[in-house]
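Descriptive structure summary
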Amino acid sequence: MVTAATSYGRSGVADWIAQRVSGIILLAYFLFIGYVLLSGVDYASWKALFAQTWVKIFSLMAVLSLAAHAWIGLWSVLTDYLTERMMGTTGNVLRLVLQVLIGITLFVYVVWTVQILWGY
Amino acid sequence: MRLPITAWSSITHRASGVFLFVGMAVLIWALDASLRSPESFASLQECLSSPLAKLVIWAILAGLIYHSVAGVKHLIMDCGIGETMEGGRLGAGLVFALSAVLIVLAGVWIW
């Protein structure tokens, strides 16, 4: 089993805390975006909102939290179901391949968001 | 499968998390289109008015709502509240009930 090698903080307690901190940041961000959308937006006001530095920082914080949160959460799911005990060596190979794909996807999410925030 | 309500609540939290990992691609795509230009903002609005798009957005919001409510329940339990067997059952039941109400409200907002 090489599950500990692919955890986020290489320690269960570090991951436990990171999962909660990132979760709270994400909840705050989605409540903020939800509130803005419920208040009604047009292109000009939406664009002006995202032109503000604090909104860019909050958004970057949210996508970085998403990357950490998704990594820890999916690690928990994968190391429960795709394991050597459940399906032999296939479990380890399948899990690590999926973790690589998840890592690449999360990296794309982060870079894509950075481009949206600072590129337009 | 006959499982206790606490197990269903836990599995749904996991399933909604996996679903949101994929759903985030849609949300980031929408953020991209909304900020790229006035034209892409308008075409996003038009795209989101189709019944299929509304269904997709509702599904993502439903996942987000359930995952958030269940997440807050975890934070409350981390504080030592509701950690008994009965507290766990009640907590899971409250998560399902509150999420259901919020998901219906989200549906009303979308349509």
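Residues numbered from 1 in each chain as written. Chains lettered and ligands numbered in written order. Predicted model: local features only at pLDDT ≥ 70, side-chain atom pairs only at ≥ 80, totals over all residues. Heavy atoms only, no water.

**Examining the interface of chain B and chain A**
Quoted interface sizes are often the accessible area lost when the parts come together. Facing the 24 residues of chain B at the interface are 29 residues of chain A. For the pairing of chain B and chain A, the buried interface totals around 2500 Å² over both sides, and the portion due to carbon and sulfur atoms is 75%. A salt bridge links Arg-14 of chain B to Asp-80 of chain A, with the shortest nitrogen-to-oxygen separation between them at 2.7 Å. Our count for the chain B to chain A interface comes out at 10 residue pairs in polar contact (both at pLDDT 80 or more). Contributions of two or more residues to the side of chain B that touches chain A are made by helix H1 (5-36), helix H2 (38-47) and helix H3 (51-78) of chain B. It is H1 of chain B that provides the largest number of residues to the side of chain B that touches chain A, a total of 14 residues. Across the side of chain B that touches chain A, the residue classes tally to 16 nonpolar, 4 polar and 4 charged. (Contact = heavy atoms within 4.5 Å. Buried area = accessible area lost by both parts, 1.4 Å probe. Salt bridge = Lys/Arg side-chain N within 4 Å of Asp/Glu carboxyl O. Polar contact = N/O pair within 3.5 Å; in protein donor to acceptor, adjacent residues only side chain to side chain. Helix = DSSP H or I, 4+ residues; strand = E, 2+ residues; numbered from the N terminus. Nonpolar A, V, L, I, M, F, W, Y, C, P; charged D, E, K, R; others polar.)

**A look at the UniProt feature "transmembrane region" (unreviewed entry) in chain A**
Residue and element names in this part refer to chain A. In the numbering adopted here, UniProt assigns the feature "transmembrane region" (unreviewed entry) to residues 21-41, 53-75 and 96-118. The distance separating the terminal C-alpha atoms of residues 21-41 is 29 Å; by composition the span is 90% helix and 0% strand. Between the C-alpha atoms that bound residues 96-118 there is a distance of 33 Å. The span itself is 100% helix and 0% strand. (UniProt positions renumbered as here; feature names shortened; annotations may be inferred.)

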